[in-house]
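Descriptive analysis of the structure
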Amino acid sequence: MPALSLASTAGFAQTVVAWQRVYGRHDLPWQGTRDPYRIWLSEIMLQQTQVATVIAYYTRFLERFPDVQALAAATQDEVMPYWAGLGYYARARNLHRCAQIVCEQWQGRFPTNPEDLQQLPGIGRSTAAAIAAFSTGMRTPILDGNVKRVFARYFSFREHPGLRLVEQRMWALAEDIVAQGPADLDMVAYTQGMMDLGASLCSRGKPQCDACPLAQGCQARADGTQHLIPAPKPRKAIPERECHVLILENAQAVLLQRRPSSGIWGGLWTLPQFDTEAELQQACRHYGLACAKDRRMASMVHVFTHFKLTITPWHLTNASVVTEPAADQQWAALSRLPSVALPAPIKKLLEGLYPTHGTQLL
Ligand code: SF4
């Protein structure tokens, strides 16, 4: 691990600011505002998702929930369709809960102090710093995935940046960099500049060092090790799981079941799901339905962060015998599917089966 060096951090912040002003992004829909609600929303959406994908979601979300009060007043069911497809649904649940806490405990005014922000659900240290920097210009550095990659290369960290000790050292460097910036350091430009640099020139696959404003001081460039850094996460085999889902269709409607609020696809509507074929067959018998082998469709694989899920759908039509759905179930008209928050693979499956109805988000 590199030693902390004051020389290597001096001038860093000004260089990034100067570069960002000329080459950085200036027209993203969440730029040019100091409204912490809008900044917070963009930061949460961007946590695991690329800018190009987030833009449409962000705009739609704000049209429906223009302020924290509107979001807090909505039900989770009303919020989820505006998140469906972005993945990592715990973010949406935390977002909703966070809005309610801001209304209950902060009189509807978003805090802008990083310590206060970090007490709210779904807001970690780097997100809190970004909200504070963008909404107030506070001298508080971020350390998101992009910044870690830039730091790992610039300071030549050979270990995986997710390791606790490496992360601690990076936070110390991040603090050092902004502490050494000029008294009037433009924290908005610096914060955005680090995000932009990591997303563009210092990208994972093809760092464009010749165009990089940090090239002169970059250790990885000097060593020719840009492509080896950051070191990948030590690999563990991804566990594989399987499930069977039941497409019960009747009179232009399908039976949907809501997932428990925690766990994968928490709070979303999906198809009735079973761990084994035997459990699925048992449910069919319970409904008085015959589920022959020819009702089985081709399996599909969905990869989550921690495991791989093989989903086998079974399709039964004329399922009118299910007259009384359970409390967590509903018959959803095919025409209504576009407004239901469905997990991405289930959405794709139903789009394939019912193409004329579509299942696009809103
Ligand atoms: S010089 Fe290359 S490796 Fe170093 S920070 Fe810039 S783009 Fe990244």
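Note: the structure precedes this text.
This report concerns the structure included in the present document. Since the model is a prediction, treat every value here as computed from it, not as a measurement. (Residues numbered from 1 in each chain as written. Predicted model: local features only at pLDDT ≥ 70, side-chain atom pairs only at ≥ 80, totals over all residues. Heavy atoms only, no water.)

A cluster of nonpolar side chains, contributed by Ile 238, Val 301 and Val 303, occupies part of the molecular surface with about 260 Å² of accessible area. By relative accessible area, which is 39% here, Ile 238 ends up partly exposed. (Patch = residues over 30% accessible without salt bridge, like charges linked within 9 Å, V, L, I, M, F, W, Y side chains within 5 Å. Areas by Shrake-Rupley, 256 points an atom, 1.4 Å probe, with all protein chains shown as cover. Salt bridge = Lys/Arg side-chain N within 4 Å of Asp/Glu carboxyl O. Buried < 20%, exposed > 50% of the residue type's maximum accessible area, 1.4 Å probe, protein only.)

The next subject is the layout of surface pockets. Taken as a whole, the largest pocket spans an internal volume of roughly 1800 Å³. If you go around the largest pocket, you meet 44 residues; those closest to its centre are Gln 47, Gln 48, Gly 145, Asn 146 and Arg 204. Of all elements in the fold, only α3 (36-46), α9 (125-136), α10 (145-154), α11 (164-179) and α12 (187-199) reach the threshold of two or more residues within the lining of the largest pocket. Its residues assigned to classes, the lining of the largest pocket comprises 19 nonpolar, 14 polar and eleven charged. Looking at the second largest pocket, it is lined by 27 residues, and the ones nearest its centre are Gly 87, Tyr 88, Tyr 89, Phe 304 and Thr 305. Elements represented by at least two residues in the lining of the second largest pocket include exactly α7 (90-105), β5 (300-303) and α15 (344-353). Its residues placed into classes, the lining of the second largest pocket shows 13 nonpolar, twelve polar and two charged. In this structure, the lining of the second largest pocket is formed jointly by two domains, domain 1 (7-228) and domain 2 (240-353), each of which donates at least three residues. (1 Å grid on protein atoms, 1.4 Å probe; cavity = no way out; pocket = protein on both sides within 12 Å on 5 of 7 lines; lining within 4 Å. Points joined across faces, edges and corners; volume = space filled by probe spheres on them. Helix = DSSP H or I, 4+ residues; strand = E, 2+ residues; numbered from the N terminus. Nonpolar A, V, L, I, M, F, W, Y, C, P; charged D, E, K, R; others polar. Domains from an automatic or database assignment.)

Time to look at the environment of Ser 339. Assignment of secondary structure puts Ser 339 in the loop between β7 (329-333) and α15. For Ser 339, the side chain forms a polar contact with the main-chain oxygen of Arg 336, separated by 2.9 Å. (Polar contact = N/O pair within 3.5 Å; in protein donor to acceptor, adjacent residues only side chain to side chain.)

This next bit is on the pattern of salt bridges. Across all of its chains, the model carries eleven salt bridges by this definition. A salt bridge links Asp 210 to Arg 221, with the nearest nitrogen and oxygen atoms 3.2 Å apart. Linking Asp 210 in the loop between α12 and α13 (219-223) with Arg 221 in helix α13, this pair joins segments that are eleven residues apart in sequence. We classify Arg 221 as partly exposed; its relative accessible area is 34%.

Residues Trp 40, Phe 61, Phe 151 and Tyr 190 are the most contacted members of the largest nonpolar core, which totals 101 residues. Taken domain by domain, this core gets at least three of its residues from each of domain 1 (7-228) and domain 2 (240-353). Those residues in contact with Trp 40 that sit more than four places away from it in its chain are Leu 71, Leu 95, Cys 98, Ala 99, Phe 110, Ile 123 and Ile 131. In this structure, Phe 274, Ala 283, Cys 284 and Trp 314 belong to the second largest nonpolar core, which totals twelve residues. (Core = buried A, V, L, I, M, F, W, Y, C linked by side-chain atoms within 4.5 Å. Contact = heavy atoms within 4.5 Å.)

Within strand β6 (residues 308-316), seven of the nine residues are buried, which leaves the element mostly enclosed by the surrounding structure. Both strand β1 (residues 240-250) and β6 contribute to a ladder of nine bridges, which runs parallel. Residue Cys 243 lies in a different strand from β6, and its bridge partner there is Ile 311. Pairing analysis gives four bridges linking β5 to β6, with the strands arranged antiparallel. Looking at β6, one finds that Val 303 is bridged to Lys 308. (Pairing = 2+ DSSP bridges.)

Turning our attention to the packing of α3 against α7. Remark: α3 packs on α7, axes separated minimally by 10 Å, with the N-to-C direction vectors making an angle of 160°. Classed by the angle they form, the pair α3 and α7 counts as roughly antiparallel. Between α3 and α7 the crossing geometry is right-handed. Together, Trp 40, Leu 41, Ile 44, Met 45 and Leu 46 of α3 and Arg 91, Leu 95, Cys 98 and Ala 99 of α7 make up the contact between the two elements. Here the contact of α3 with α7 is built from residues that sort into eight nonpolar, no polar and one charged. (Axes fitted to C-alpha atoms, helices over the stretch in contact; angles between N-to-C directions. Parallel < 35°, antiparallel > 145°, perpendicular 65-115°, else oblique. Left-handed = near helix turned anticlockwise from the far one by under 90°.)

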